[in-house]
Amino acid sequence: MIRVIKHILVEPTADQLPRLRRIQAAVLARFPDATTEIVPGLLDDDLVVEVRLPLLHLLAWRGAREAWGDFRPAADGTPPEHPEGPRDAGPA
């Protein structure tokens, strides 16, 4: 099966590890046949969720990625996977 590799960069913040977990959960919930791995980013403290996505899901990836936002809980506490979509939490 041909797979496409996608990267989601997570910069170092107080909620970096929970965000990494939310990203992996969201990806696997939307694309169960994808695989994810946390790998080092280009900078020392950056981490990346590397997603190996079957090629047949490539077109669906863009819409899903836009809907997920930045995986931060909204200021009102709404989780990113809320059916209405994530709200902007503002600056970190």
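Sequence positions are assigned chain by chain, starting from 1 and proceeding in written order. Thresholds applied to this predicted model are a pLDDT of at least 70 for local features of residues and 80 or more for the giving and counting of side-chain atom pairs; totals over whole chains, interfaces and linings are not thresholded and use all residues. For side-chain calculations, the full set of non-hydrogen atoms in the structure is used, while hydrogens and water are omitted.

### Points about the sheet that holds strand E3 (residues 47-54)
Note the following rule: Only when DSSP finds a minimum of two bridges between them are two strands counted as paired. Strands here are runs of E lasting at least two residues and helices are runs of H or I lasting at least four, both read from the DSSP assignment and numbered beginning at the N terminus. Axis definition: a line fitted to C-alpha atoms, limited for helices to the stretch in contact. Angles are taken between N-to-C directions and run from 0 to 180 degrees.
Taken in spatial order, the three strands of this open sheet run E1-E3-E2, and their pairing is antiparallel. Edge positions in the sheet fall to strand E1 (3-10) and strand E2 (35-40), since each of these pairs with one other strand and no more. Ignoring strand direction, the axes of neighbouring strands in this sheet form an average angle of 25°. Pairing geometry for E2 and E3, over six bridges, is antiparallel.

### Examining the packing of aromatic side chains
Aromatic ring pairs: the centre-centre distance and the angle between the two ring planes describe each pair. Operational definition: Here a pair means two rings of Phe, Tyr or Trp (six-membered ring of Trp) with centres within 6.5 Å. Their orientation is stacked below 30 degrees between planes, edge-to-face above 60, and tilted elsewhere. Only protein chains enter the area calculation, which uses a 1.4 Å probe; residues under 20% of their type maximum are buried, those over 50% are exposed, and those in between are partly exposed.
Inspection of every chain in the model, using the stated rule, returns three aromatic pairs. Measuring from ring centre to ring centre gives 5.9 Å for Phe31 and Trp61, while their planes differ by 35°; the resulting arrangement is tilted. Remark: Trp61 occurs in helix H2 (residues 58-68) and Phe31 occurs in the loop between helix H1 (16-30) and E2; sequence separation between them is 30 residues. Residue classification places Phe31 among the buried positions, given a relative accessible area of 0%. Classification of Trp61 by relative accessible area gives buried; the value is 7%. Both rings, one in Phe31 and one in Trp68, keep their centres 6.3 Å apart while their planes meet at 90°; by these two values the pair is edge-to-face. One end of the pair, Phe31, is in the loop between H1 and E2; the other, Trp68, is in helix H2, with 37 residues separating them in the sequence.

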